[in-house]
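Chain by chain, the residues:
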Amino acid sequence: MNGIASLLGPPLADTYDPTPLYFRVQERILAAIETDLLKPAEALPGERDIAEGLGISRVTVRKAIAGLVEKGLLTQRQGSGTFVVGRRQRMEQRLSRLTSFTEDMRLRGLKPSTHWLNRDVSLPTPDEAMRLSLSPSETVVRLKRLRIANDVPMAIETAVIPSRYLPKPEAVVASLYDALEANGCLPVRALQRLRAAILTPAEAALLEVPPGSPALAIDRMSYLENGAPVEFTRSTYRGDTYDFVAELNLRRE
Ligand code: GLP
């Protein structure tokens with residue numbers, strides 16, 4: 001009980017506030033997140049404890065939590081409870097700098113990590129062969145990863161790299177660009193195409209947001225100094241955490 005009071009404040013009932021109770025519970029939880037009393041990836045106290053601590057019914061607590069789960073601020077894992085996803089803090093990526101995910105997250109003081117979904121060597125699809133200027137018999141390395149920042153899943157990425165630039169796919173541990181750099185094949189130029197998308201149920205599950213949530217789909221084609229294409233990557237970023245910022249300059253001729 002005491003723990004709940006220091007986390008979510010005193011009981012809620014017995015006031016003349018017309019605001020729906022579940023909404024006030026949500027405000028208390030959000031305030032605890034904003035003030036870092038509840039940190040990302042931390043577990044929320046149990047439903048019963050919250051109900052007792054705030055002097056309300058478990059049904060109301062459930063409704064409040066369900067609403068925050070739907071907004072992507074909390075996540076529920078079967079059997080282990082409810083966890084804080086993070087604050088509604090948006091990250092910005094400048095469109096004019098060629099950075100890797102790892103570098104990008106470190107620049108923000110976040111800890112990048114990766115959950116591997118697939119890593120194989122195979123023949124390119126006709127589309128990939130065309131994009132990467134490959135003969136249909138030249139193999140590619142395909143890396144599918146869930147990219148994570150401070151334990152919050154941020155993006156699903158599938159990178160396709162001609163095998164000749166990455167002869168040992170297992171050399172990619174934390175960062176693809178680090179592995180390419182070690183082989184003397186770091187891209188120096190890239191073209192990105194961004195579009196709005198809706199997450200499929202499978203993608204939403206990986207990114208721990210409700211199915212049908214908005215997303216940013218990004219295709220990146222990267223090139224070496226000599227102009228040869230080195231990477232074709234499809235990324236799906238969570239729409240609620242990422243902003244892309246472009247700097248525009250007036251050209252005076
Ligand atoms: C970003 C880009 C990808 C690129 C990746 C490399 O996420 N959108 O196109 O492959 O960075 O990141 P890392 O070196 O951390 O694997």
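The structure under discussion appears in the preceding block.
Every chain is numbered on its own, with residues counted from 1 as its sequence reads. Reporting of local features is limited, given that this is a predicted model, to residues whose pLDDT is at least 70; pairs of side-chain atoms are given and counted only at 80 or more, and all residues count toward the totals for whole chains, interfaces and linings. Hydrogens and waters are ignored; side-chain quantities use all the structure's heavy atoms.

Participant: Before we go on, may I ask you to explain the nonpolar core in this structure?
Facilitator: Note that soluble globular proteins tend to have their nonpolar side chains buried in a common cluster. Ranked by internal contacts, the top residues of the largest apolar core, which has 21 residues, are Leu8, Ile29, Leu38 and Leu74. We call two residues contacting when some pair of their heavy atoms lies within 4.5 Å. Discounting residues that sit within four places of it in the chain, Ile29 has contacts with Leu8, Leu38, Leu44, Ile65, Leu68 and Leu74. Nonpolar cores were defined as sets of buried Ala, Val, Leu, Ile, Met, Phe, Trp, Tyr and Cys residues, with membership established by side-chain atoms within 4.5 Å. Residue burial is assigned from relative accessible area. The probe radius is 1.4 Å, only protein chains are included, and a residue is buried under 20% of its type maximum, exposed over 50%, and partly exposed in between. Val141, Tyr165, Leu166 and Val230 belong to the second-largest nonpolar core, a separate cluster that totals 15 residues.

Participant: Would you mind showing me how to read the packing of helix H3 (residues 47–54) against helix H4 (residues 58–70) here?
Facilitator: Lines fitted to C-alpha atoms define the axes here, with helix axes fitted over just the stretch in contact, and angles between the N-to-C directions of these axes take values from 0 to 180 degrees. Numbering goes from the N terminus for both helices and strands, where a helix is a DSSP run of H or I of at least four residues and a strand is a run of E of at least two. For the pair H3 and H4, the least separation of the axes is 9 Å and the interaxial angle reads 115 degrees. As the angle between them shows, H3 and H4 are arranged roughly perpendicular. The chirality of how H3 crosses H4 is right-handed. When H3 is examined against H4, the residues Glu47, Arg48, Ile50 and Ala51 are found in contact with a partner set consisting of Arg58, Val61 and Arg62. Gly counts as polar in this scheme, as do all residues outside two lists: the nonpolar Ala, Val, Leu, Ile, Met, Phe, Trp, Tyr, Cys and Pro, and the charged Asp, Glu, Lys and Arg. Of the residues that constitute the contact of H3 with H4, the class distribution is three nonpolar, no polar and four charged. Orientation categories follow fixed angle ranges, with anything under 35 degrees roughly parallel, anything over 145 roughly antiparallel, 65 to 115 roughly perpendicular, and all other angles oblique. The crossing is said to be left-handed when, going from far helix to near helix, the turn is anticlockwise and less than a right angle, and right-handed when the turn is clockwise.

Participant: So what exactly am I meant to see when it comes to the pattern of salt bridges here?
Facilitator: In a structure, side chains of opposite charge can pair up when their charged atoms sit close to one another. Any carboxyl oxygen of Asp or Glu that lies within 4 Å of a side-chain nitrogen of Lys or Arg is treated as forming a salt bridge with it. Summed over the entire model, instances satisfying the criterion amount to seven salt bridges. Residue Arg58 pairs with Glu47 through a salt bridge whose shortest N-O separation is 3.7 Å. Within this pair, whereas Arg58 is found in helix H4, its partner Glu47 is found in helix H3, the two being separated by 11 residues in sequence. For the salt bridge of Arg131 with Asp127, the shortest nitrogen-to-oxygen distance reads 3.0 Å. Placement of the pair is Arg131 and Asp127 together in helix H6 (residues 126–131), with a separation of four residues, close to one helical turn. By relative accessible area, which is 31% here, Arg131 ends up partly exposed. Among the charged side chains, a network of salt bridges with common partners joins Glu47, Arg58 and Arg62.

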